[in-house]
Amino acid sequence: MDRCVGRVLAALEASGHDKDTLVLFTTDHGPAFPGMKATLHDGGTGVALMIRLPADGGTAAEGFLTCDALVSQIDIFPTICELIGTPLPHKMQGLSLLPLLRGEQGELHSHLYTETTFHAASEPARAVRSRRYKLIRHYTDSEFRLPVNVDDSAVKDLFHKNGYFSEKVSREELFDLVLDPLERCNRLNDPRYSSVYQELKTALDEWMETTKDPLLGGPIDAPAGVRLNSSSSYSPDSGEFA
């Protein structure tokens, strides 16, 4: 990967276009392991994001800048629009990253929202994340994680053998991402986190209402022409469909 990115940057420099080119490096979702891809844990939603502004843009803070602000890939398009001086075509949830890149401010969003509905089978969930805390709300009928929504691998088989898919999952999960960065300890019933829960619950409820989330009306049907795996299947390649 380093070599490939280096070749692109070297070609830009050789052509002189490093001075007028915005470079974006980002990635897809987390690895296809239990608790990662197709889940709303940070291991499934966190992605890399590195940005190099045009050399003559005059917008970047001097030197390299590492920023821990909450940002999302929905912020990329507004960033490009502001950089090239093009108004946004309509109201968007994303915000330009340029104030962060210029070092003008340290935060952009107070909360980020993530969602999943289908992978191989229906397993809807919604989540809200602040700088320190995360609330995940599950809407599936199952009390357990669905193995069919975890891509087949030796890691999946190992987790299955040791009871991972037999552990009950709470309808709501509240995590302290500073003390518990791997999101293993549900703080939902801990009275010390009651105010945190109320804050995130209100934020998630309001977001779902604002975005007219179809889950508010009940289960979401698969799009026309789409076949979903049976929720009781172990493998997405089983050929068993709902």
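### Points about the overall build of the protein
Part 1: Within the protein one finds six helices and six strands.
Part 2: Seen through its principal axes, the protein has C-alpha atoms that stretch 55 × 40 × 40 Å.
Part 3: Relative to all contacts within the protein whose residues are 6 or more apart in sequence, the contacts with residues 24 or more apart total 59%.
Part 4: If you average the places of the 24 positive and of the 35 negative side-chain charges in the protein, the two averages end up 2 Å apart.

### Notes on the pattern of salt bridges
Once the charged atoms of two side chains with opposite charge are near each other, the side chains can pair.
Part 1: All told, the structure shown has 18 salt bridges when counted by the stated rule.
Part 2: Taking the shortest distance from any N to any O, the salt bridge between Glu107 and Arg131 comes out at 2.2 Å. Of the two residues, Glu107 sits in the loop between helix H4 (98–101) and strand S3 (112–118) while Arg131 sits in the loop between strand S4 (122–129) and strand S5 (133–138), which places them 24 residues apart along the sequence.
Part 3: Taking relative accessible area as the criterion, Glu107 reaches 38% and is therefore assigned partly exposed.
Part 4: Taking the shortest distance from any N to any O, the salt bridge between Arg145 and Glu167 comes out at 3.4 Å. Of this pair, Arg145 sits in the loop between S5 and helix H5 (154–161) while Glu167 sits in the loop between H5 and strand S6 (172–176), and the two are 22 residues apart along the sequence.
Part 5: The class of Arg145 is partly exposed, set by a relative accessible area of 24%.

### A short note on helix H3 (residues 76–84)
Part 1: Inspection of H3 places Ile76, Pro78, Thr79 and Cys81 among the buried residues, and these make up the whole buried set.
Part 2: Of the surrounding elements, those touching the buried residues of H3 are strand S1 (23–26), strand S2 (49–52) and H4.
Part 3: The first or second residue beyond H3 is Gly85, which carries a positive phi of 75°.

Cut-off values and rules
Residues numbered from 1 in each chain as written. Predicted model: local features only at pLDDT ≥ 70, side-chain atom pairs only at ≥ 80, totals over all residues. Heavy atoms only, no water. Helix = DSSP H or I, 4+ residues; strand = E, 2+ residues; numbered from the N terminus. Contact = heavy atoms within 4.5 Å. Lys, Arg positive; Asp, Glu negative; His and termini not counted. Charge placed at Lys NZ, Arg CZ, Asp CG, Glu CD. Salt bridge = Lys/Arg side-chain N within 4 Å of Asp/Glu carboxyl O. Buried < 20%, exposed > 50% of the residue type's maximum accessible area, 1.4 Å probe, protein only.

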